[in-house]
Amino acid sequence: MATSRDEATVGVRTVVVPAAGMGTRFLPATKTVPKELLPVVDTPGIELIAQEAAAVGAQRLAVITAPSKQEVLRHFDTFPELVEMLRARGKDEQADKVERANQLIAPIAIEQAKPLGLGHAVSLAEPVLDADEDAFAVMLPDDIVLPATVLEDMARVRAAKGGSVLCAFEVSREETFNYGVFDVEDTEDELVKKVVGMVEKPEPDQAPSNLVATGRYLLDRKIFAALRQITPGKGGELQLTDAIDKLIAAGEPVHVVVHRGKRHDLGNPGGYIPACVDFGLHDPVYGPALYKSLKAIMTAFEAETR
């Protein structure tokens, strides 16, 4: 799956980040702090997404946000007084961290008045694309995909096969009811599959495969026409899955890249906590001490629960 930077950056100018959700699974913390700003060690999830987008050459981060969540965009401001104070105190490393988000990528705020589904959120990004922009990426801030190189592989597949390319992970059959599941055909590359259909959260015995959608999409601009054709589903929401099905039905190529790395779900405490542990263990400053602490915690826990 190797690729060059020139190949990888083709067609990835704008990354759309749907971030209008209320973060109810993190209440009460998210009463005042947007879920996307909760730190993974010391870096908010939205900044990890921005880093990944910038690494593949994207120029714009189009953040779909709710009227009450403007703090998410404010994270990308400059904070000159804070930086000046830190540098005056000799805390250059912390000052660099404060400045980092502003220097990564140009953020654009797109307001979603009501949470009407992922399909609706993506549709709002159409006006920010350049006229010659044939494709764009969607990155869900709840999903951290490691290593953060999957968009490069997806861009390579689009360059070769056209159309839209999605990221897929393998899960057990028992887990398929939690995901959108791909119905696929093999290609000459075992890690690239042609998508012939998608099923949203099927029962395990009805799932067409064990390949499920995760939060990385490289979408052909034709997705906007498909989004205008779909109707609201459960909860009155417009589903991106339904629009992708429209593309498939129209004969447009849709493929998935099967990613064999790791994925963390920052959308709920059960996924967020392991993400913090994983990132913490790999942190050169905090990792060694955290490793010792975790071993001690586990030893004590096992003694308590015998």
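Not measured: the values here are computed from a predicted model. (Residues numbered from 1 in each chain as written. Predicted model: local features only at pLDDT ≥ 70, side-chain atom pairs only at ≥ 80, totals over all residues. Heavy atoms only, no water.)

1. Brief notes about unusual backbone geometry
Phase 1: Cis rather than trans, the peptide bond between Leu 27 and Pro 28 has omega equal to 10°.
Phase 2: Assignment of secondary structure puts Pro 28 in the loop between β1 (14-19) and β2 (39-40).
Phase 3: The residue after Leu 146, namely Pro 147, is reached through a cis peptide bond having omega -10°.
Phase 4: Here Pro 147 is to be found in the loop between β7 (143-146) and α7 (150-161).
Phase 5: The phi dihedral of Val 41 is positive, around 65°, even though this residue is not glycine.
Phase 6: Inspection of the secondary structure assignment puts Val 41 in the loop between β2 and β3 (43-44).
Phase 7: We note that Phe 79 has phi near 50°; this positive angle belongs to a residue other than glycine.
Phase 8: Here Phe 79 shows up in the loop between α3 (71-74) and α4 (80-88).
Phase 9: Taking relative accessible area as the criterion, Phe 79 reaches 24% and is therefore assigned partly exposed. (Helix = DSSP H or I, 4+ residues; strand = E, 2+ residues; numbered from the N terminus. Buried < 20%, exposed > 50% of the residue type's maximum accessible area, 1.4 Å probe, protein only.)

2. Thoughts on the UniProt feature "domain: Nucleotidyl transferase" (unreviewed entry) in the protein
Phase 1: Sequence positions flagged by UniProt for "domain: Nucleotidyl transferase" (unreviewed entry) are, in local numbering, residues 16-275.
Phase 2: Along residues 16-275, the helical share is 30% and the strand share 27%, with 23 Å between the first and last C-alpha atoms. (UniProt positions renumbered as here; feature names shortened; annotations may be inferred.)

3. Description of the nonpolar core
Phase 1: In terms of nonpolar packing, the biggest core is built from 46 residues, with Val 12, Val 15, Ala 53, Leu 61, Met 154 and Leu 218 touching the most fellow members.
Phase 2: Excluding anything up to four places from it in sequence, Met 154 contacts Val 165, Leu 166, Cys 167, Arg 216, Tyr 217, Leu 218 and Val 257.
Phase 3: Ala 121, Val 122, Phe 136 and Ile 223 belong to the second-largest nonpolar core, a separate cluster that totals 35 residues. (Core = buried A, V, L, I, M, F, W, Y, C linked by side-chain atoms within 4.5 Å. Contact = heavy atoms within 4.5 Å.)

4. With respect to the environment of Glu 203
Phase 1: Tracing the chain through its elements places Glu 203 in the loop between β10 (192-200) and β11 (211-220).
Phase 2: Separated by 54 residues in the primary sequence, Glu 203 and Val 257 place their C-alpha atoms 23 Å from one another.

5. A look at the packing of aromatic side chains
Phase 1: Following the criterion strictly, the structure yields two aromatic pairs and no others.
Phase 2: With a centroid separation of 5.5 Å and an interplanar angle of 85°, the aromatic rings of Phe 26 and Tyr 272 are classed as edge-to-face. Residue Phe 26 is found in the loop between β1 and β2, and its partner Tyr 272 is found in helix α10 (residues 269-281); the two are separated by 246 residues along the sequence.
Phase 3: Accessibility expressed as a relative area gives 16% for Tyr 272, which makes it buried. (Phe/Tyr/Trp six-rings, centres within 6.5 Å; stacked < 30°, edge-to-face > 60°.)

6. Side note on the environment of Gly 233
Phase 1: Locating Gly 233 in the fold gives a position in the loop between α8 (223-229) and α9 (240-249).
Phase 2: For Gly 233, a relative accessible area of 35% puts it in the partly exposed group.
Phase 3: Between the C-alpha atoms of Gly 233 and Gly 117, which are 116 residues apart in sequence, the distance is 9.2 Å.

7. A word on the side chain of Thr 65
Phase 1: Relative to the helices and strands, Thr 65 resides in strand β4 (residues 60-65).
Phase 2: A distance of 3.2 Å separates the side chain of Thr 65 from the backbone oxygen of Lys 69, its partner in a polar contact.
Phase 3: Not counting residues within four places of it along the chain, the set of residues in contact with Thr 65 comprises Ala 19, Ala 20, Gln 70, Leu 73, Ile 110, Glu 111 and Gln 112. (Polar contact = N/O pair within 3.5 Å; in protein donor to acceptor, adjacent residues only side chain to side chain.)

8. Describing the pairing of strand β9 (residues 180-186)
Phase 1: With seven bridges joining them, β9 and β10 adopt antiparallel strand pairing. Paired with Asp 183 across the strands is Gly 197, a residue of β10.
Phase 2: Linking two consecutive strands that pair antiparallel, namely β9 and β10, is a turn of five residues. (Pairing = 2+ DSSP bridges.)

9. What to know about the layout of surface pockets
One simple way to see leftover space: roll a probe sized like a water molecule over the atoms.
Phase 1: Here the largest pocket defines a volume of roughly 1500 Å³.
Phase 2: Around the largest pocket, the lining comprises 42 residues; the ones closest to its centre are Arg 25, Leu 118, Leu 140, Asp 142 and Lys 201.
Phase 3: Broken down by secondary-structure element, the contributors of at least two residues to the lining of the largest pocket are β1, α6 (118-123), β10, β11, α9 and β13 (262-265).
Phase 4: The dominant element in the lining of the largest pocket, judged by the number of residues it contributes, is β11, at four residues. (1 Å grid on protein atoms, 1.4 Å probe; cavity = no way out; pocket = protein on both sides within 12 Å on 5 of 7 lines; lining within 4 Å. Points joined across faces, edges and corners; volume = space filled by probe spheres on them.)

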